[in-house]
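Remarks on the overall topology
So the chains spell out like this:
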Amino acid sequence: MNSLQWGSLYYLIIHLSAIRGSKELNSTSLQCQENSSQSELNSFLWTLERDPPSYFFGTIHVPYTRVWDYIPLSTKNAFRNAENVYFELDLTDGKTAAALTNCKMLSDGITLSDILSKRLYRRLTRYMDYVKKQIADWTGKEQRGRGIKTDYYSDYQYRAIVGSWQRMKPVWLMLLLNSLTESDVRLFGVPVLDLYLSRQASQWNKKIGAIENVADQCEPLNQLNQTQVIFALDETLRHHEQQRKKSQTMPENEELISHYNCGDLPSILLRKSTIRVDLNSVEDGGQSEMAHQVDDYFRQKLLYNRNQIMAERIEQLLNNNPSQSFFFAVGAGHFLGNNSVIDKLISKDFPIKHTRPESIIPNHSNQDSRYMPAEFSQLDSSAIINQQYIQTIKKLDQAATIR
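Worth saying up front: this structure is predicted, and the values here are computed from it rather than measured. (Residues numbered from 1 in each chain as written. Predicted model: local features only at pLDDT ≥ 70, side-chain atom pairs only at ≥ 80, totals over all residues. Heavy atoms only, no water.)

Focus: the overall build of the protein
When helices and strands are tallied, the protein shows 17 helices and six strands. Expressed as a percentage of contacts within the protein between residues at least 6 apart in sequence, the contacts between residues at least 24 apart total 85%. (Helix = DSSP H or I, 4+ residues; strand = E, 2+ residues; numbered from the N terminus. Contact = heavy atoms within 4.5 Å.)

Structure, rendered in structure tokens:
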């Protein structure tokens, strides 16, 4: 799963966690400005009040440069002080990455043309051709400024992002469609927030772990029945086709990032649907029922069931290591709403409280000052975007010149 698809999965989880009247965060207004001082914003950090303390940070799976400046200092200091950092998955592990890629692909010899209607497959092909042209437009000017031929670059970037979409399982293609936004494509290659934190933890010699395995994330998606998943894919594609006609490029992800930066996810989440279909406009009662079934399935399998598994594994880690400090960085949707991971741990008598952005995070009593980490790495997006791809493109350019 590339970072764009993971971000779309995060969006789905966030929607499922939205509960009216949630009291976990003091929501800011819809007029929140992203240039507000951090003291006026909220945070997605919770603290387990014991000695040493442990922390729970709700992340967002988007390029870290989109949100880093709005993450309060208290959250960054909590990360700095913790001895152990745990994520949903260990994204730096090669076997994990290979397993994620494998789980989203159809069996050998099978393509989407074998399981989708001819009409739906043709629509997908036309839309992907449109996306390829858009990627060239979105990235062309910047790459020409770097002295790189844009035809090579856009073609390689398209293949890197979209891959062999014809061999993807329909549910994973649905997630991919939701992730193809201009801003995300422009920043392709910039690590998502979770991966950035993982790399930072590695640089600081922290112990890195995962509270889930690949099957925990893959199986709920892959077990959706074929009729429902093809319906969800069809409606998702229809949504993006309509946006294309309106010359819009899926503003939902941008809105999500803005509300995350303002500490105000619930206000946008309450009016979203898991699949991109307006239930009020669906005249066919069967389609409306199908949409609700898909929504209910994802809520149970991707949110509630995984919350239970995460809470149990976190509880075990905390109980087995009472003298160590942990920083759990998990998609914010798992910490929001009823039946969240936080709710389940509090029910087990863990004293967990929401941490305001201006809170002071003390150094832990067992923190060895010799290993206090340096400052966070300041990664220049222009320096890290697609370096491997740029080198490859230059080789292709040289080969073309020789021919």
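Points about the state of the cysteines
By the definition in use, this model includes one disulfide. Two residues share a disulfide in this structure: Cys103 and Cys218, whose sulfurs sit 2.1 Å from each other. Linking Cys103 and Cys218, the disulfide has an S-S dihedral of approximately -60° and is accordingly described as left-handed. One end of the pair, Cys103, is in helix H3 (residues 94–103); the other, Cys218, is in helix H10 (residues 214–222), with 115 residues separating them in the sequence. The burial state of Cys103 is the same as that of Cys218; both residues are buried. (Disulfide = S-S within 2.5 Å. Buried < 20%, exposed > 50% of the residue type's maximum accessible area, 1.4 Å probe, protein only.)

A few points about empty space enclosed by the protein
On inspection of all chains with the given rule, the structure shows eight cavities of 30 Å³ or more. Taken together, Asn42, Ser43, Phe44, Phe57, Tyr70, Ile71, Pro72, Thr75, Tyr260, Asn261 and Gly263 form the lining of the second largest cavity. Counted by class, the lining of the second largest cavity contains six nonpolar, five polar and no charged residues. (1 Å grid on protein atoms, 1.4 Å probe; cavity = no way out; pocket = protein on both sides within 12 Å on 5 of 7 lines; lining within 4 Å. Points joined across faces, edges and corners; volume = space filled by probe spheres on them. Nonpolar A, V, L, I, M, F, W, Y, C, P; charged D, E, K, R; others polar.)

Let's talk about the packing of aromatic side chains
All told, the structure shown has 19 aromatic pairs when counted by the stated rule. Consider the rings of Tyr297 and Phe298, whose centres lie 5.9 Å apart with planes at 65°: the pair is edge-to-face. Each member of the pair, Tyr297 together with Phe298, is buried. One aromatic cluster is present, built from ring pairs that chain together Phe57, Tyr64, Trp68, Phe79, Tyr196, Trp204, Phe327 and Phe376. Taking NZ or CZ as reference, Lys206 lies 6.0 Å from the ring centre of Phe79, over its face. (Phe/Tyr/Trp six-rings, centres within 6.5 Å; stacked < 30°, edge-to-face > 60°. Lys NZ or Arg CZ within 6 Å of the ring centre and 35° of its normal.)

Here's the deal with the pattern of salt bridges
Opposite charge on two side chains lets them pair, provided their charged atoms get close. All chains considered together, the criterion is met by twelve salt bridges. Residue Glu88 is joined to Arg306 by a salt bridge in which the shortest nitrogen-to-oxygen separation is 3.2 Å. Residue Glu88 is found in the loop between strand S3 (84–87) and H3, and its partner Arg306 is found in helix H14 (residues 285–320); the two are separated by 218 residues along the sequence. As far as burial versus exposure is concerned, Glu88 and Arg306 are alike and both buried. Here Asp234 ties to Arg123 by a salt bridge, and the two come within 2.6 Å at their closest N and O atoms. (Salt bridge = Lys/Arg side-chain N within 4 Å of Asp/Glu carboxyl O.)

Considering helix H11 (residues 226–245)
Helix length check: H11 (20 residues) gives 29 Å between terminal C-alpha atoms against 28 Å at 1.5 Å per residue, within 8%. Those residues of H11 that sit buried are Gln228, Val229, Phe231, Ala232, Leu233, Asp234, Glu235, Thr236, Leu237, His239, His240 and Gln243. The N-cap residue of H11 is Asn225: its side-chain oxygen and the backbone nitrogen of Thr227 are 3.1 Å apart. (Expected span 1.5 Å × (residues − 1). Polar contact = N/O pair within 3.5 Å; in protein donor to acceptor, adjacent residues only side chain to side chain.)

Quick word on the nonpolar core
In terms of nonpolar packing, the biggest core is built from 50 residues, with Phe56, Phe57, Leu193, Leu197, Phe327 and Phe328 touching the most fellow members. Not counting residues up to four positions away in its chain, the partners in contact with Phe328 are Tyr55, Phe56, Phe57, Tyr86, Ile211, Ile314, Leu317, Leu318 and Phe335. Among the nonpolar cores identified, the runner-up in size contains 42 residues, and Leu112, Trp138, Trp172 and Val294 belong to it. (Core = buried A, V, L, I, M, F, W, Y, C linked by side-chain atoms within 4.5 Å.)

Digging into the confidence of the model for the protein
Looking at the protein, the pLDDT average stands at 78 and 70% of residues meet or exceed 70. Element-level pLDDT for the protein is lowest in helix H16 (residues 381–384), with a mean of 46, against a maximum mean of 97 in S3. Predicted confidence is poor over residues 393–397, with pLDDT under 50, and the contacts of this stretch with residues over four places away or in other chains come to nine contacts. For the stretch residues 399–403, pLDDT sits under 50, and the model shows one contact to residues farther than four places along the chain or on other chains. (pLDDT = per-residue confidence, 0-100.)

A look at the pairing of strand S2 (residues 54–59)
Along a regular strand, successive side chains alternate from one face of the sheet to the other. For S2, the tally of buried residues reaches six of six residues, placing the bulk of the element in the interior. Residues of S2 alternate between two faces, with Ser54, Phe56 and Gly58 on one and Tyr55, Phe57 and Thr59 on the opposite face, all of them buried. Where strand S1 (residues 45–48) lies against S2, four bridges are found, and the strand directions are antiparallel. Looking across to S2, one finds that Leu48 is bridged to Ser54. From the end of S1 to the start of S2, which pair antiparallel, there are five residues. (Pairing = 2+ DSSP bridges.)

Focus on the sheet that holds S2
Ordered by their spatial adjacency, six strands build an open sheet running S4-S3-S5-S2-S1-S6, and the pairing between neighbours is mixed. The open sheet has two edge strands with one neighbour each: strand S4 (207–210) and strand S6 (352–354). Neighbour to neighbour, the strand axes of the sheet diverge by 20° on average, direction disregarded. In this sheet, strand S5 (residues 326–331) lies alongside S3 in parallel orientation, the contact comprising four bridges. In the strand pairing of S5, Asn84 is matched with Phe326. (Axes fitted to C-alpha atoms, helices over the stretch in contact; angles between N-to-C directions.)

Here's the deal with the pairing of S3
Neither face of S3 is exposed, since Asn84 and Tyr86 on one face and Val85 and Phe87 on the opposite face are all buried. When S3 meets S4, the two strands line up parallel, connected through four bridges. Its bridge partner lying in S4, Val85 is registered against Ile208.

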